[in-house]
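# Structural overview
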Amino acid sequence: HFYPDSRIIDTDHRFADAMKLLGDTVTVHKDGYATDKKYPNIHIMPEDVQMDLNTQTASWHWGGGSKSIRILPGHVYLHPSGYKIRLLKHAKAPTFRLIGTGAEGTFCHKPSTVSGGGKSEISKSLNDAVIYGPMYIGEFEKDMDLVEEIINRDYSNCFTEEHAKAQERPPSRPILSPDR
């Protein structure tokens, strides 16, 4: 279920303001939502839109009443803040889910200006690295103890003494450190 939540999106954006910005690039429907003219699978929804996965509907209030449309796979539903909601089939299960994406980008910096610096690696998809499906953990407590050992290990001895001296910062920071 999706509803405008200020912890996720900026709810100060209004449908009317979005329509002013978009002008004649969208078709405004009488039920109070809009569709992009160039990409008819993109819909701009009112600020109070709610989406229900079970009923496959997007609903909102407009003109003194409740309005709704069916949400479809392959379509994108935009909140006036730019928050994007899509209906996607799970990669390994026979179910669908609502996927929300924030409108603000994440800036990543990876200096990779030398040959072999990994320039092509940062643009590759991570889909092959994610495995969907059931997992079996034989000895959960023992495995969690190993995870804790890995996370809490002091990695200060992973560099040779010569390379450790060349570091501008202390050579070891905890894996979950905010300084990473």
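Located above this text is the structure these notes cover.
Basis of the calculations
Starting from 1, residues in each chain are numbered consecutively following that chain's sequence as written. The predicted origin of the model limits local features to residues at a pLDDT of at least 70 and limits the giving and counting of side-chain atom pairs to 80 or more, whereas totals for whole chains, interfaces and linings rest on all residues. For the side-chain quantities, the full set of heavy atoms in the structure was used; hydrogens and water were omitted. Paired strands, as defined in this entry, are two strands with at least two bridges between them according to DSSP. Going along the chain from the N terminus, every DSSP run of H or I of four or more residues is numbered as a helix, and every run of E of two or more is numbered as a strand. To obtain each axis, a line is fitted to C-alpha atoms, and for helices this fit is confined to the stretch in contact; angles are then taken between N-to-C directions over 0 to 180 degrees. Residues count as neighbours in contact if any of their non-hydrogen atoms are within 4.5 Å of one another.

Let us now look at the sheet that holds strand 6 (residues 65–70). The sheet built from three strands is open, its strands ordered 4-5-6 with antiparallel pairing. Taken across any chain shown, the strands that pair with only one partner, and hence form the sheet edges, are strand 4 (50–52) and strand 6. Direction aside, neighbouring strands of the sheet carry axes that sit 25° apart on average. Bridging between strand 5 (residues 57–62) and strand 6 involves six bridges; their strand directions are antiparallel. Counterpart to Thr57 in the pairing with strand 6 is Arg70.

This paragraph deals with the sheet that holds strand 3 (residues 42–44). Spatially, the six strands line up as an open sheet ordered 1-2-3-7-8-9, and their pairing is mixed. Each end of this open sheet is capped by a strand with a single partner; those strands are strand 1 (26–28) and strand 9 (96–101). Across the sheet, the axes of successive neighbouring strands diverge by a mean angle of 25°, strand direction being ignored. Set on the sheet, helix 1 (residues 15–22) makes contact with strand 1, strand 2 (34–36) and strand 3; between it and strand 3 the angle comes to about 125°.

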